[in-house]
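# Structural description and commentary
Listed below are the residues making up each chain.
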Amino acid sequence: MAMEITQILLAAQSADGQIRTVAEENLKQFQQQNLPLFIHSLSTELSSEHKPPESRRLAGLILKNSLDAKDAARREELTQSWVSMDPSIKSQVKESLLLTLASLVSEARHTSCQVIAKVASIEIPRREWQELIVKLLNNMTQPDSPAPLKQATLEALGYVCEEISPQDLEQEQVNAVLTAVVQGMNQMEHSSEVRLAAVKALYNALDFAQANFENETERNFIMKVVCETAMAKEPEIRQASLECLVSIASTYYGYLEPYMQTLFNLTSNAVRGDQEPIALQAIEFWSSICDEEIQIQEESEEEDTGSSPHSNFINQALPVLVPLMLETLLKQEEDQDQEDGVWNLSMAGGTCLGLIARTVGDTIVPLVMPFVESNITKGDWRCREAATFAFGSILEGPSVKKLAPLVHSGLEFLLNAMKDHSSHVKDTTAWTLGRIFEFLHSASSEYSVLTAANLPRIIAVLLESIRDAPNVAEKVCGAIYFLAQGYEGGDSSSSLLTPYLGDIVTALLSTADRADTSNPRLRSSAYETLNELVRCSNLRETSSMVAQLLLEIMNRLSKTLELQIVSSDDREKQSDLQALLCGVLQVIIQKLSNSDETSSIINQYADQMMILFLQVFACRSSTVHEEAMLALGALAYATGPQFAKYMQEFYKYLEMGLQNFEEYQVCSISVGVVGDICRALDDKILPYCDGIVSQLLKNLSDPVLHRSVKPPIFSCFGDIALAIGEHFEKYIPYVIPMLQGAADHCSELSPDDDDMQEYGNQLRRGIFEAYSGILQGFKSSKAALMVPHANRLLKFIEAVVSDKFRDEEVTKAAVAVLGDLADALGPNTKVLLKDHTFHVELLGECIQSDNDQLKETAVWTQGMIQRVLVS
Amino acid sequence: MPQPEVRRSIKRSAVSDQQRRRELALLRQTQQRSDSQNRARRLASSVFTLSSSSSSDLILPDKGILTRAADSEEHEAHLDESVAPARELNVVQASKLKGREARQWFARQLMLPEWMIDIPPKLDRDWYVFARPAGNRCFVVSSNGTTISRLRNGSVLHHFPSSLPNGSRTRDSSGPASSYCVLDCIFHEPDQTYYVIDMVCWRDYSLYDCTAEFRFFWLNSKLAESGACNSPSTYHRYRFSVVPIYDCNQAGLHAAYSTSMPYTKDGLLFFNKHAHYQTGNTPLALVWKDNFCSQYFLDTDSQGLVPTQQQVVLEMQEDGKLTTSDDPPVEFGSLEVDFIQKSEFRAGNLLRFAIKDESVRVVDGKLEIGDLQFISKSNRARAFADSYSKVFFQYAARHSPLKIEDIAASILPNLPDDSPIVDVEMGS
């Protein structure tokens, strides 16, 4: 018998905060004390026509949240409590949910659809509630079904398809669902609400339709109906239908040939004449076709066989498709450059044009250039901007050989256009210059468009334009970013860019200081460009300049500490700026530590930097700054043993970082920094190890911590063991069971899920690295401690080796740990190695590999095993 | 129905420098972790080569051999036994040995191919072939900032700086100062080049227990990147070069035999792909010559002339037996006791004999010599007697030489791998 909860549900929506809190607390208690009754009561509330719509809606929402959660662990818990619930309650709940689909209250119907889908997502994959589909279809086929019921039924079908995967349904069920949905789209029979619901349901059901698309008759029928609804008089239906076509373009690319003429006519009419959201979907259809063809081309380049067939739709449509996209470029919005990520016809058209260029390469060039040439000098800014945008869009895809002459002859024009009176034109011109540098400039390429002759002029224009409006300046930063990148790794003796670096750095620093914009993007672009400049610079020529920059950035960082902090907004701004500056420091430290001559600069300023980082950490009360942590890791490695003197001060922030579960990136980075410190300090890290190891063990046992942090923690155990050697002994009783537990867990991970596969590989690698560090650390004095664990480790290696999904890094770690085992334990492993002969084949395989590092490791391991076997 | 993912505008930069910083930091940490683990492992592997009893290839055999080495001061042979160097030595330690100890040690380190007296099966599948450069075989060791090449008998050929790892006193950032490498080479006088025919150790990695297939791969990928193949300079006195190595199929054999090489050829070398680097004589490496591809088809005497009768160098044992350098040795005759006493020969002396053709018989594929005529003690520079296969090859060379056509014929063209030859039943 359900509990009467209407009043509590209404109270939970009260305007009075106190009443609300009490009601929420009541609901929570009820849920904890008797979940089955709670759920039953909610479903009864939702299905009762005489209850107020507000309480019914909230009942539905709470019901939904009792079945599903964003957090994976919580979701699993909720699933389990539903699965283990009394079957009679579950069937009552499901019955009332289905009843609610016929409700006269639209909110109740809609909420019920969502809950049905959540229950289905738990039960259908378990082959339960098989009658659901039949019952829903009945609603569609009963001649007297009212339109609202049909609409709700279609909506429910769509949600169910969204929640489950194609393998969860039998083909007959799929056929029935698709038949009902496609019939629901029929204009003659149904109201526009029903048809819209049907089109939206089709969108979710498309993934299930593989077999139906393989059948020509069924495919023809589906395509005919979708194309008809794409021309319906209701704009919402047209838009939903085009979204279906976009999805069909990527899922069923291989079947589209017979429909392409129709689809071109349909989409080009939409692009030219329909409302913007619909026109955007029509452009998206072609972008999706490009995505497919680019992917097919990339696959066939990577592999000799096995790529999907290529239908060359873009190539065939090219003469009509390119003009269609060029037209859209002229439909800019005023002030579109002021807003980040603006999406309109012109942006979508340019983006699609860029994809077409990547699909077809050189052949697009003669189709676009006449448009560029005829518009670029016109009086209307729209024409000049569109011409420049068209040119910039096709710079990736065609060969450098084809583009270089055009860029050479057009470069001076573009440089002059940086003085155009239209800000839009300047914005797009600066962006185009950046694209030119990105794709057509490389110190090692024969066609690079940048020469010693034109570089001075280019730099002069960029440095002048960086003072232009903020949106233009941001694009100029992007151009400088790629300009610097192109000079990386060229002739190592000298970089052509070196003479200009001083001026560029000065310009970027003052750009970062600009007060004429509240948009933080310009500042971060300026600093990030500075980072790239440092990374790509030729250290032999620029070490003193980089050292100067180091001082300037330290100075700026110390000024952030003096900022007046009144509001949380102030704090956020301070934190953002500190992040950018710590980022620059990190890049500088890493750059300077690349050579012995320059690493002394770091040592010289290490004390000052360390004080600054500690102050940055202290600015926050609860969390540790991720960027400061990254910079600190680089500093620890660069300074080596002398980092020990900072440890006492730094330790509490390190611990804070390791405890930061919510921002798991911070936790992950802190774990990495422990590794850096281990390598810097060796056994001087010993006094801090108890704290670090116990925190790491805590993290591993915590189900809340994001799983991506766990593999690095295992690797970190290896780092610690290698640093402190025999002193790791006292952690063995805690760490080894963790390693063994994780090893067992590896075999339980689903091999069907790509993410899980990758996670499994990371975990295996982490476990191996932990064992490697421990074995090598114990080698000289405590190796005997590991003898009892050798058998289990060897079995784990064997299991991993037999897994066909292991990646090369895992293989390398497995081979290495095998060698470490033989190396550290010596003759103790002789019998084991004779019993487990898998290593013979494994090493044979690795020695044939193309990966030199793997080969080298395998050779070493082979030697270690050989030594044991003949001992 | 979920909102379709919004496509990223082409005008929005996809670069996230923060993500890039994270990735670069991760990359740096991974690299540094791998470096420090490798350092720990390298400590291990040097312990291994110094003290292990397993890597027998690096270790001096029984001290008995010390007395066998030909040397100018043979009287000191007894002394050698009393001051026999440690039984276990590695290349690094051995390179600290001086004078005769060093010579004796290094004389045992080369892998010596047998002469090809019959054609091994599966030549095309399991073997490599290459043209042997004319010149002296030598063992090249780079360590401690210098490079030393030693001839087959262990004596020093050159002492020079090279770009090999730790082969000169320049700052070599690519490895620790203790690093060393060992190459098996032929020094080719005309272009003053060391042609590397095998790689034994590279940057402390011992390749003794690796297959030829792998050693050649390693050789080809590592030598060039060290800069050793560059032209000579102050810190790199001699150029090193690899030789083209072919699979021993029809095309490979033809290329090795007929193509002109940058060096003068002295026969062909055949290496079994699966064989490890084994010091001393081995049937898994073979040498073959004819008049076309070698100026040294028939053995010459000390004047450099081909004698009318075949000559052999054999080692005298304690009991007067005359044996080859094989292990175990093959006996071809013995000396009378009074002859030994009169000549003051001692066990281990290498003696040169002439063979009368008519006294030679081949019984069950084995060579037997009826009559050995003493000529002289052999050249003092020699460290070893002739091997059985050499004596046999030289005998065959004078009577019915193994021809290139024979070798080529043993390699069946167009036969797919592993398919046995099946008799076809005709007319059935």
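Residues numbered from 1 in each chain as written. Chains lettered and ligands numbered in written order. Predicted model: local features only at pLDDT ≥ 70, side-chain atom pairs only at ≥ 80, totals over all residues. Heavy atoms only, no water.

All right, on to the overall build of chain B then. In terms of regular secondary structure, chain B is built from ten helices and 19 strands. For chain B, buried positions account for 50% of its 428 residues. A sequence separation of at least 24 residues applies to 66% of the contacts in chain B between residues at least 6 apart. Carbon and sulfur atoms make up 51% of the accessible area of chain B, which amounts to about 20,900 Å² in all. (Helix = DSSP H or I, 4+ residues; strand = E, 2+ residues; numbered from the N terminus. Buried < 20%, exposed > 50% of the residue type's maximum accessible area, 1.4 Å probe, protein only. Contact = heavy atoms within 4.5 Å. Areas by Shrake-Rupley, 256 points an atom, 1.4 Å probe, with all protein chains shown as cover.)

One key point about sheets: their strands pair by backbone hydrogen bonds, in either a parallel or an antiparallel sense. All names here are of chain B. Reading across the sheet, the five strands line up as 1-12-11-2-10 and stay open at both edges, with mixed pairing between neighbours. With partners counted over all chains shown, the strands left at the sheet margins are strand 1 (111–115) and strand 10 (246–247), one partner each. In this sheet, strand 12 (residues 280–288) lies alongside strand 11 (residues 265–272) in antiparallel orientation, the contact comprising four bridges. Counterpart to Phe 270 in the pairing with strand 12 is Leu 286. Its contacts with the sheet put helix 9 (residues 388–399) on strand 1 and strand 12, and the angle it makes with strand 1 is roughly 35°. (Pairing = 2+ DSSP bridges. Axes fitted to C-alpha atoms, helices over the stretch in contact; angles between N-to-C directions.)

Bringing the packing of aromatic side chains into the picture now. Enumeration over the complete set of coordinates arrives at 42 aromatic pairs over all chains. With a centroid separation of 5.5 Å and an interplanar angle of 75°, the aromatic rings of Phe 339 of chain B and Phe 374 of chain B are classed as edge-to-face. Residue Phe 339 of chain B is located in helix 8 (residues 337–343), and its partner Phe 374 of chain B is located in strand 19 (residues 372–377); the two are separated by 35 residues in the primary sequence. On the basis of relative accessibility, which here comes to 25%, the residue Phe 339 of chain B falls in the partly exposed class. Judged by its relative accessible area of 31%, Phe 374 of chain B is partly exposed. Taking the centre distance of 6.0 Å and the plane angle of 90° together, the rings of Tyr 388 of chain B and Phe 392 of chain B count as edge-to-face. With Tyr 388 of chain B and Phe 392 of chain B both in helix 9, this residue pair falls four residues apart, about one helical turn. The burial state of Tyr 388 of chain B is the same as that of Phe 392 of chain B; both residues are buried. Through successive ring pairs, a cluster of aromatic residues spans Phe 617, Phe 643, Tyr 646, Phe 650 and Tyr 653 of chain A. (Phe/Tyr/Trp six-rings, centres within 6.5 Å; stacked < 30°, edge-to-face > 60°.)

A few words now on the interface of chain B and chain A. Contacts between the two partners involve 42 residues from chain B and, on the opposite side, 80 residues from chain A. Between chain B and chain A, roughly 5,300 Å² of surface is buried when both sides are summed, and carbon and sulfur atoms account for 53% of that area. Applying the counting rule to chain B against chain A returns ten salt bridges. In this structure, the connection of chain B to chain A is made through 14 residue pairs in polar contact (both at pLDDT 80 or more). The set of elements that each furnish at least two residues to the side of chain B that touches chain A consists of helix 1 (17–51), strand 8 (205–206) and helix 6 (212–226) of chain B. Counting residues per element, the side of chain B that touches chain A draws most heavily on helix 1 of chain B, which supplies 19 residues. Its residues placed into classes, the side of chain B that touches chain A shows 16 nonpolar, eleven polar and 15 charged. (Buried area = accessible area lost by both parts, 1.4 Å probe. Salt bridge = Lys/Arg side-chain N within 4 Å of Asp/Glu carboxyl O. Polar contact = N/O pair within 3.5 Å; in protein donor to acceptor, adjacent residues only side chain to side chain. Nonpolar A, V, L, I, M, F, W, Y, C, P; charged D, E, K, R; others polar.)

Another point: the nonpolar core. Formed by 385 residues in total, the largest nonpolar core has its most connected members in Phe 650 of chain A together with Phe 270 of chain B. Composition of this core by domain shows at least three residues from each of domain 1 (107–288) and domain 2 (298–408) of chain B. Those residues in contact with Phe 650 of chain A that lie beyond four places of it in its chain are Met 610, Leu 614, Phe 617, Met 629, Leu 632, Phe 643, Val 673 and Ile 677 of chain A. Counting residues in each nonpolar core, the second largest holds 19 residues, with Val 312, Ile 340, Phe 345 and Leu 367 of chain B among its members. (Core = buried A, V, L, I, M, F, W, Y, C linked by side-chain atoms within 4.5 Å. Domains from an automatic or database assignment.)

Once that is clear, we can look at the packing of helix 10 (residues 171–184) of chain A against helix 11 (residues 192–205) of chain A. All names here are of chain A. Interhelical geometry of helix 10 versus helix 11 gives an angle of 145° and a closest axis separation of 8 Å. As helix 10 runs across helix 11, the sense of the crossing is left-handed. The residues of helix 11 that touch helix 10, namely those facing Leu 178, Val 181 and Gly 184, are Val 194, Arg 195, Ala 198, Ala 201, Leu 202 and Ala 205. Taken together, the residues of the contact of helix 10 with helix 11 sort by class into seven nonpolar, one polar and one charged. (Left-handed = near helix turned anticlockwise from the far one by under 90°.)

A few words now on the confidence of the model for chain B. Residue and element names in this part refer to chain B. Chain-level pLDDT for chain B is 78 on average; 78% of the residues reach the 70-or-more range. Here helix 2 (residues 77–82) stands out as the element of chain B with the lowest mean pLDDT, 33, in contrast to strand 2 (residues 127–133), whose mean of 95 is the highest. Ignoring residues within four places in sequence, the model shows residues 43–88, a span with pLDDT below 50, making 76 contacts including any to other chains. Low pLDDT, under 50, characterises residues 415–428; the predicted model gives this stretch three contacts beyond four residues in sequence or across chains. (pLDDT = per-residue confidence, 0-100.)

Moving on, we come to the pairing of strand 16 (residues 350–355) of chain B. All names here are of chain B. Strand 16 sits mainly inside the fold: six of its six residues count as buried. Of the two faces of strand 16, the one holding Leu 350, Arg 352 and Ala 354 and the one holding Leu 351, Phe 353 and Ile 355 are both buried throughout. Pairing of strand 16 with strand 19 involves five bridges; the strand directions are antiparallel. The residue of strand 19 that forms the bridge with Phe 353 is Phe 374.

Below, the discussion takes up helix 36 (residues 754–778) of chain A. Across its 25 residues, helix 36 of chain A extends 36 Å between first and last C-alpha, which sits within 8% of the 36 Å expected from 1.5 Å per residue. Helix 36 of chain A sits mainly inside the fold: 18 of its 25 residues count as buried. (Expected span 1.5 Å × (residues − 1).)

We now examine empty space enclosed by the protein. Residue and element names in this part refer to chain A. A full pass over the atoms with the stated rule returns four cavities of 30 Å³ or more. One number sums up the size of the second largest cavity: a volume of about 60 Å³. Lining the second largest cavity we find Ala 484, Tyr 487, Ser 495, Leu 497, Thr 498, Leu 501, Leu 533, Cys 536, Ser 537 and Asn 538. Elements supplying a minimum of two residues to the lining of the second largest cavity: helix 25 (498–512) and helix 26 (521–536). For the lining of the second largest cavity, the per-class residue count stands at six nonpolar, four polar and no charged. (1 Å grid on protein atoms, 1.4 Å probe; cavity = no way out; pocket = protein on both sides within 12 Å on 5 of 7 lines; lining within 4 Å. Points joined across faces, edges and corners; volume = space filled by probe spheres on them.)

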